[in-house]
Amino acid sequence: GAGVSQSPRYKVAKRGQDVALRCDPISGHVSLFWYQQALGQGPEFLTYFQNEAQLDKSGLPSDRFFAERPEGSVSTLKIQRTQQEDSAVYLCASSLAGEGSPLHFGNGTRLTVT
Amino acid sequence: TQLLEQSPQFLSIQEGENLTVYCNSSSVFSSLQWYRQEPGEGPVLLVTVVTGGEVKKLKRLTFQFGDARKDSSLHITAAQPGDTGLYLCAGFTGGFKTIFGAGTRLFVKA
């Protein structure tokens, strides 16, 4: 596609529910990143994929967060047993190559945990 | 934890004024990028600076990378309402992470 596509745009979950957020990167982009953006803050790094390999997951806040990119294209970020502190915008970005390449962001999924 | 400190956090100015926003760190970056983000959208890249002391111009925007590659500034000349948004600096330290500052929220009044 023309840009990075994320779905859903908005997600409301009750505390304790599991959620799955989808990212369709730009075709041909090798690198894929997930970021978490709290209200009034900059994006915080969560995890990075190069093709299907998850090379860095140091930013995932807890073992309730899990990300995958099984075929090196579409990626899913899953959050189990959601908590109120998980409420944020989750941004996906892709780039042609890893090191310092410009990131192309989707418009994010706004997750609200009630 | 934000390794990049941006200032000011918020800036409200009149159309036609000039402004400068800053991005500082104690870390050295191999490259630094500036993004602009509008409400409900993802950040969009404005520029990448790589060389210490480098200056890049993009119409009314001037970006400078510090000599030691630890800091950067963005200067906007004759700001317009269309410049309103969240300005984010992002640093690449090597490895796979691009780290973002908390941003400067700019509001330009007509």
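Above: the structure in question.
First, a word on what this report is: a plain description of the structure on this page. Just so it is clear, the structure is predicted and the values come from calculations on it, not from any experiment.

## Description of the sheet that holds strand 7 (residues 65–68) of chain A
All names here are of chain A. On the basis of which strands lie adjacent, the open sheet formed by 4 strands has the order 1-3-8-7 and antiparallel pairing. Both outer strands of the open sheet, strand 1 (5–7) and strand 7, are each paired with one neighbouring strand and no more. Strand-to-strand, the axes of this sheet are offset by a mean angle of 15 degrees, without reference to chain direction.

## Things to note about the packing of aromatic side chains
By the definition in use, this model includes 10 aromatic pairs over all chains. Ring centres of Phe33(A) and Tyr48(A) lie 4.7 Å apart, and the angle between their planes is 40 degrees; on these two criteria the pair is classed as tilted. With Phe33(A) in strand 4 (residues 31–37) and Tyr48(A) in strand 5 (residues 44–50), this residue pair connects regions lying 15 residues apart in the sequence. Under the relative-accessibility criterion, Tyr48(A) is labelled buried at 1%. For the pair Phe65(A) and Tyr90(A), a centre-to-centre distance of 6.5 Å together with 40 degrees between the ring planes defines the contact as tilted. Highlighted residues: Phe65(A) in strand 7 and Tyr90(A) in strand 9 (residues 88–95), separated in sequence by 25 residues. Taken individually, Phe65(A) and Tyr90(A) each receive the classification buried, so the pair is uniform in this respect. A network of ring pairs unites the aromatic residues Phe33(A), Tyr35(A), Phe45(A), Tyr48(A), Phe105(A), Tyr35(B) and Phe100(B) as a single cluster.

## Notes on the interface of chain B and chain A
Taken together, the contact pairs 20 residues of chain B with 24 residues of chain A. Between chain B and chain A, roughly 1,700 Å² of surface is buried when both sides are summed, and carbon and sulfur atoms account for 54% of that area. For the pair chain B and chain A, the interface holds 0 salt bridges. Here chain B is connected to chain A by 6 residue pairs in polar contact (both at pLDDT 80 or more). Of the residues assigned to the side of chain B that touches chain A, the class counts are 9 nonpolar, 9 polar and 2 charged.

## Regarding the side chain of Thr47(A)
Turning to its location among the elements, Thr47(A) is positioned in strand 5. At a separation of 2.8 Å, a polar atom in the side chain of Thr47(A) contacts the main-chain carbonyl oxygen of Asp56(A).

What counts and what doesn't
- Residues numbered from 1 in each chain as written.
- Chains lettered and ligands numbered in written order.
- Predicted model: local features only at pLDDT ≥ 70, side-chain atom pairs only at ≥ 80, totals over all residues.
- Heavy atoms only, no water.
- Pairing = 2+ DSSP bridges.
- Helix = DSSP H or I, 4+ residues; strand = E, 2+ residues; numbered from the N terminus.
- Axes fitted to C-alpha atoms, helices over the stretch in contact; angles between N-to-C directions.
- Phe/Tyr/Trp six-rings, centres within 6.5 Å; stacked < 30°, edge-to-face > 60°.
- Buried < 20%, exposed > 50% of the residue type's maximum accessible area, 1.4 Å probe, protein only.
- Contact = heavy atoms within 4.5 Å.
- Buried area = accessible area lost by both parts, 1.4 Å probe.
- Salt bridge = Lys/Arg side-chain N within 4 Å of Asp/Glu carboxyl O.
- Polar contact = N/O pair within 3.5 Å; in protein donor to acceptor, adjacent residues only side chain to side chain.
- Nonpolar A, V, L, I, M, F, W, Y, C, P; charged D, E, K, R; others polar.

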